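# A structural walkthrough
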Amino acid sequence: MLENRQKFNNTTFCWRCMLWLPLICLLLIYCTQKQSSSSFIEKKKVDSLYNQAARHVTEGNDEKAYYEFNLAKDGYLNNLDSLAAARCLTEMAIIQEYSSDNLGSIETSLAAIKLLHENKKEHHEVLFDNYTNLGINSLSLKNYSQAEKLYLKSLGFATDDFQIIKVQHNLAILYYQLKQFKRAKEIQQLVVSNLPKSNDNYYKALINYCRYLFHEDANFNPQPNYKNAEKHYLSIKDNWGLAATYCYLTEYYDKKNKDSSLFYAKKMHDVSVLLHSPTDELEALQNLIKHSEHPEKYFNEYLKISDSLNTKIKKSKNQFAIIRYESEKNLNENLKLEKDLSQKNYLLLLAIVLIAGSTTGSYIWAKSRKKKHQLLSDNKIKEERLATSKKIHDVVANGLYQVMTSLEHKQELNKDELLDKLEDMYQKSRDISYDKHLNHAPNHIREQISEIGNTFQNESMQVFIIGNENELWQQVPKKIHNDLYIIIQELFINTRKHSNATRIILRFEIESTALLVSYQDNGQCNTHSHIPIGNGLRNIKARAESHFGTITYPENNINPIGFKIQINLPIR
């Protein structure tokens, strides 16, 4: 009888718990919805930030505009408006390009493209602007083939005739820089023919066309069209147009009449000063130095402006980086706060469940669940400690050793270069403490690998790097770049520390669907000291295997002289 009563009580408790479940679910949904709705920012406030930033652009206050576009971007992302967020990133990328932060601008444009969908027509205008900006940056970095590809790709997203004209104009500039004057002239002729004289860009297109034609045919006289453009720009008070016109007139008279060339160089200089455009001032001063009978008075001014411009560019780059860093930091802090609030709500609901149940069964269930979470937490802590140890080895230890190698073997080491390297090490060390993703070779793996070779090459060590070309890296997925950079750095350091080698040969090549990396030195080889062991080998193997790669040690490694290793990484 007692047993039957106990069974009845247990059954009753189960049914009571089931009756509580709908109420608990409703409370959980309510708390989640309340928390989600509170995280949304009013659209009017975000739009106001965007409009303020746009006004700062027209006023020439680029740094403030960049800051407010970044805030607006975060607001739009918070409100799940990816198109508006991408538009903000696009504006930020254009500001960076104008400030000569080409690599930063490329990174920002790529971030914008990730938020867009090529099959959505409403995204095409922003996609066009980003691919155009990527082309302009590639041209500034003298990556001509990449610039051409990006300009042509932007055509696929053109939404009106003017955008097509803009692409043609950019392509003509590209071909002019490649000294393909006939091709540049033919494309620019299309631009001029499709623009009415009333269009603000007509004379800009016209003087460019005359410039290309003059370079193709030295007998052509572009001066009448240049003078017409000058009259037009004077009438509408367009100093930017005047600066370009005087630049082309200076160029035209360069070998025909030095006095005229000097005259227009002075005019260009005067207009550039009014525009507060140091790049145009420098170009004008170059011509004044070239043609003036007393170049020394212009030379000092040239040096002063050049130094000021370089300082300004560095300052802008640092400011943009700081703004992005603070934005990421605030975002992480907000996510952590939301996570803490979510956990508190969850614990409160769990307490309600425990109180409502108030039975041994609920207590056992809660205790079992707590143990499970503790086990997961302990495992996570172990994984985090292992990951942190790996980061310290790869970033701090290897990076410091590379700096030490530079100090040891370079007779004249630039102080600023050393400070930049130490600052980079400091920032990466801080990133470890914030548990941020460390990117050792962002978008310029070729230069990073060359830097490793230059660091370790000295009077007692020859370094040969073969196949480190942009065409090769364009075929290698970017997710491989970071781990491959660390593997190569580890191999160089092990050779330097253990082998007494005098020569290193590093080769990259693509065979079928794989990237083959061969590393060889002529040092003393034995399995106990030279082949990387411990954390070094584990890290190298782990990084290669994370990309389904393999590492092989050829049989000649048993020789006492010479070490060789080959890494095979699938790229498709």
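Residues numbered from 1 in each chain as written. Predicted model: local features only at pLDDT ≥ 70, side-chain atom pairs only at ≥ 80, totals over all residues. Heavy atoms only, no water.

## What about the overall build of the chain?
- Secondary structure summary: the chain contains 21 helices and five strands in total.
- When burial is assessed residue by residue, the chain has 39% of its 572 residues classed as buried.
- Counting contacts in the chain only where the partners sit at least 6 residues apart, residues at least 24 apart contribute 61% of the total.
- About 33,800 Å² of surface is accessible on the chain, with carbon and sulfur atoms providing 54% of the total. (Helix = DSSP H or I, 4+ residues; strand = E, 2+ residues; numbered from the N terminus. Buried < 20%, exposed > 50% of the residue type's maximum accessible area, 1.4 Å probe, protein only. Contact = heavy atoms within 4.5 Å. Areas by Shrake-Rupley, 256 points an atom, 1.4 Å probe, with all protein chains shown as cover.)

## Some points on helix H5 (residues 102-114)
- The end-to-end C-alpha distance of H5 is 19 Å, a good match for the 18 Å that 13 residues give at a rise of 1.5 Å each.
- Taken together, the buried positions of H5 are occupied by Asn 102, Gly 104, Ser 105, Ile 106, Thr 108, Ser 109, Ala 112 and Ile 113.
- If you follow the buried residues of H5, they end up packed against helix H3 (62-78), helix H4 (82-98) and helix H6 (124-140). (Expected span 1.5 Å × (residues − 1).)

## Overview of the pattern of salt bridges
- Tallied over the full model, the rule gives nine salt bridges.
- Between Asp 74 and Lys 73 there is a salt bridge, with its nearest N and O atoms 3.0 Å apart.
- Note on Asp 74: relative accessible area 24%, which makes it partly exposed.
- Owing to a relative accessible area of 9%, Lys 73 belongs among the buried residues under this scheme.
- For Glu 118, the salt bridge goes to Lys 153, with nearest N and O atoms at 3.9 Å. (Salt bridge = Lys/Arg side-chain N within 4 Å of Asp/Glu carboxyl O.)

## Observations concerning the nonpolar core
- Core analysis: the largest hydrophobic core is formed by 41 residues, its most contacted members being Phe 69, Tyr 76, Tyr 131, Tyr 151, Leu 171 and Leu 174.
- At the level of elements, helix H2 (43-58), H3, H4, H5, H6, helix H7 (144-155), helix H8 (161-177) and helix H9 (181-193) are the ones that each hand at least two residues to this core.
- Among the elements that line this core, the one with the most residues is H4, at eight residues.
- If we skip the residues at most four places from it in the chain, Tyr 151 touches Thr 132, Gly 135, Ile 136, Leu 139, Val 167, Asn 170, Leu 171 and Leu 174. (Core = buried A, V, L, I, M, F, W, Y, C linked by side-chain atoms within 4.5 Å.)

## Some remarks on the side chain of Asn 170
- Along the chain, the position of Asn 170 falls in helix H8.
- Overall, Asn 170 belongs to the buried group, its relative accessible area being 10%.
- Setting aside its immediate chain neighbours within four residues, Asn 170 contacts Thr 132 and Tyr 151.

## A few points about the packing of helix H11 (residues 223-236) against helix H12 (residues 239-252)
- Following both chains from N to C, one finds H11 and H12 inclined at 160 degrees, their axes separated by 9 Å at the closest point. In terms of orientation, H11 lies roughly antiparallel with respect to H12. Pair H11 / H12 crosses with left-handed handedness. The residues of H12 that touch H11, namely those facing Gln 223, Tyr 226, Ala 229, Glu 230, Tyr 233 and Leu 234, are Gly 241, Leu 242, Thr 245, Tyr 246, Tyr 248, Leu 249 and Tyr 252.
- Among the residues forming the contact of H11 with H12, the class breakdown is nine nonpolar, three polar and one charged. (Axes fitted to C-alpha atoms, helices over the stretch in contact; angles between N-to-C directions. Parallel < 35°, antiparallel > 145°, perpendicular 65-115°, else oblique. Left-handed = near helix turned anticlockwise from the far one by under 90°. Nonpolar A, V, L, I, M, F, W, Y, C, P; charged D, E, K, R; others polar.)

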